[in-house]
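Summary of the model geometry
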Amino acid sequence: MQPQTQLLHQEHWPTTGFDSVQPGVFRASTVFFPDMAAWRQRDWLSKDRFIYGPHGTPTTFELEARIAHLEGAAHALLCASGLNAIALVHMALLRPGDEVVVPINVYPAHRALLTGELASWGIQVALYDPTDLSTLRIGEATRLVWVEAPCSITMEFPDVPAIAAAARQAGVLTALDNTWGAGVAFCPFDLGIDISAQALTKYANGAGDVVMGSVSVRDKSLYDALKRCSARFGLHVPAGEAEAVLRGLQSLAVRYAAHDRTGRLLARHLAGSGAVVEVLHPALPGACGHEFWQRDCRAAAGIFSVVFDAKYSQQDIDGFIDALQLFRIGFSWGGPVSLVLSYGRDVASLRPLAGELVRFSAGLEAPEDLLDDLSQALALLL
Ligand SMILES: *Cc1c(COP(=O)(O)O)cnc(C)c1O
């Protein structure tokens, strides 16, 4: 055999007998079948064997298994981003004429999908106020109810079991955006939710350098519907990125606890600063939905918002943010570096805000350094 051919048909080192901390990266488009009988028996919805790279490799199956385990689900499916996970749920379950019900203050990029593509495909959107469940209307055409716990930016924590029970009674599925809880703070399925979608971009990866999402379910037929839709759209996650998230997951619990501790410390510091009139953090007493957080959660993410005193203008707040040295300005959260962003007074919210809203994401810096940084920037305002 010529070296050229030999190089292509060389046997691999056997993977059995090698044991290490990391599961390794398996990349593939083509996956070999041992014989034609195996090829004829292929089942795209089963994970018993590998069929074609985009449908899964040992690396992506491993990550899916761990995400399912983390979330208390039976099945998980990786998606290209958190938003892609949300979109997949819609595309798999909704048809023209169907209605989806979402919180008024739904994640802004999710809202854009609803008012853009989904509306143009004839899918109706109804809104509910997650702090007043008498506004939750489930009609004849309703197929899906979305829950955010808590809502992005303004952080209201809803009564998840009550929403899930109302939908279940009407025979309607519920999906929860579990990015904040990350599978650590609470188990959506134990609260009655059918589908959990999350941005692994945030805490699961935790390094601020990967974009990925997941959809988790307990029900096999729901999994099959999601998997079919994902396959028909040709959605796929690269093995190298999946491996990065596998590494991140190993430290998720300790990172989440550290983000939580620091987040609450920063929130309390800001609450007592004299510059802030409201702290929007579900774990702090007095926050909207704090009682539901306390009943249903074991922990909180390190992300929260504050409302500054009305006397501070946008310019004042921009000056405060620019004076911060350790908190960086940028989207996303859940990474090692603390972040800050101003959303102004007109954030799609359930109620008018007294002043400028600023959102903080606690990173993994030493908490005392972050407190010092906040103090020096607040001193410019006071
Ligand atoms: C970031 C985020 C998403 C979207 O995740 P991407 O990976 O950025 O697409 C969805 N929901 C919530 C609550 C988020 O914070």
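Residues numbered from 1 in each chain as written. Predicted model: local features only at pLDDT ≥ 70, side-chain atom pairs only at ≥ 80, totals over all residues. Heavy atoms only, no water.

1. A few points about the layout of surface pockets
By volume, the largest pocket is sized at about 640 Å³. Contributing to the lining of the largest pocket are 17 residues, with His-12, Trp-13, Thr-15, Phe-26 and Phe-32 lying nearest its centre. Across the lining of the largest pocket, the residue classes tally to nine nonpolar, six polar and two charged. As a volume, the second largest pocket reaches approximately 510 Å³. Around the second largest pocket, the lining is made up of 29 residues, and of these Tyr-107, Ser-152, Thr-179, Lys-202 and Trp-333 lie nearest the centre. Elements with a contribution of two residues or more to the lining of the second largest pocket: helix H4 (82-93), helix H5 (108-120) and strand E6 (195-199). In terms of domain composition, the lining of the second largest pocket takes at least three residues from each of domain 1 (29-38 + 48-249) and domain 2 (252-378). (1 Å grid on protein atoms, 1.4 Å probe; cavity = no way out; pocket = protein on both sides within 12 Å on 5 of 7 lines; lining within 4 Å. Points joined across faces, edges and corners; volume = space filled by probe spheres on them. Nonpolar A, V, L, I, M, F, W, Y, C, P; charged D, E, K, R; others polar. Helix = DSSP H or I, 4+ residues; strand = E, 2+ residues; numbered from the N terminus. Domains from an automatic or database assignment.)

2. With respect to the side chain of Asp-373
Mapped onto the fold, Asp-373 is located in helix H12 (residues 367-381). One polar contact links Asp-373 to Gln-376, side chain to side chain, over a distance of 2.8 Å. Sequence-distant contacts of Asp-373, defined by excluding residues within four places in its chain, comprise Ala-323, Leu-324, Gln-325, Leu-326 and Phe-327. (Polar contact = N/O pair within 3.5 Å; in protein donor to acceptor, adjacent residues only side chain to side chain. Contact = heavy atoms within 4.5 Å.)

3. Focus: the nonpolar core
Ranked by internal contacts, the top residues of the largest apolar core, which has 56 residues, are Leu-63, Trp-180, Phe-186, Met-212 and Tyr-256. Contributions of two or more residues to this core are made by helix H3 (58-71), strand E1 (75-79), strand E3 (124-128), strand E4 (142-148), helix H6 (160-169), helix H8 (239-250), helix H9 (252-271) and strand E9 (303-308). For this core, the two domains that each supply at least three residues are domain 1 (29-38 + 48-249) and domain 2 (252-378). Non-local contacts of Phe-186, meaning those with residues more than four positions away in its chain, are made with Ala-149, Phe-157, Leu-176, Asn-178, Trp-180, Gly-181, Leu-191, Asp-296, Cys-297 and Arg-298. Grouped together as the second largest cluster of nonpolar side chains are 29 residues, Leu-113, Leu-114, Leu-118 and Ala-175 included. (Core = buried A, V, L, I, M, F, W, Y, C linked by side-chain atoms within 4.5 Å. Buried < 20%, exposed > 50% of the residue type's maximum accessible area, 1.4 Å probe, protein only.)

4. A look at the environment of Gln-314
Summarising the element assignment, Gln-314 is placed in helix H11 (residues 314-323). Along the sequence, Gln-314 and Ala-28 sit 286 residues apart, while their C-alpha atoms lie 51 Å from each other.

5. Points about empty space enclosed by the protein
Counted under the stated rule, the structure contains two cavities of 30 Å³ or more. Together, 13 residues line the largest cavity, and Trp-44, Ser-46, Arg-49, His-55 and Phe-61 are the ones closest to its centre. Estimated volume of the second largest cavity: approximately 40 Å³. Lining the second largest cavity are Gly-330, Ser-332, Trp-333, Leu-339, Val-340, Leu-341, Arg-359, Phe-360 and Ser-361. Considering only residue class, the lining of the second largest cavity consists of five nonpolar, three polar and one charged.

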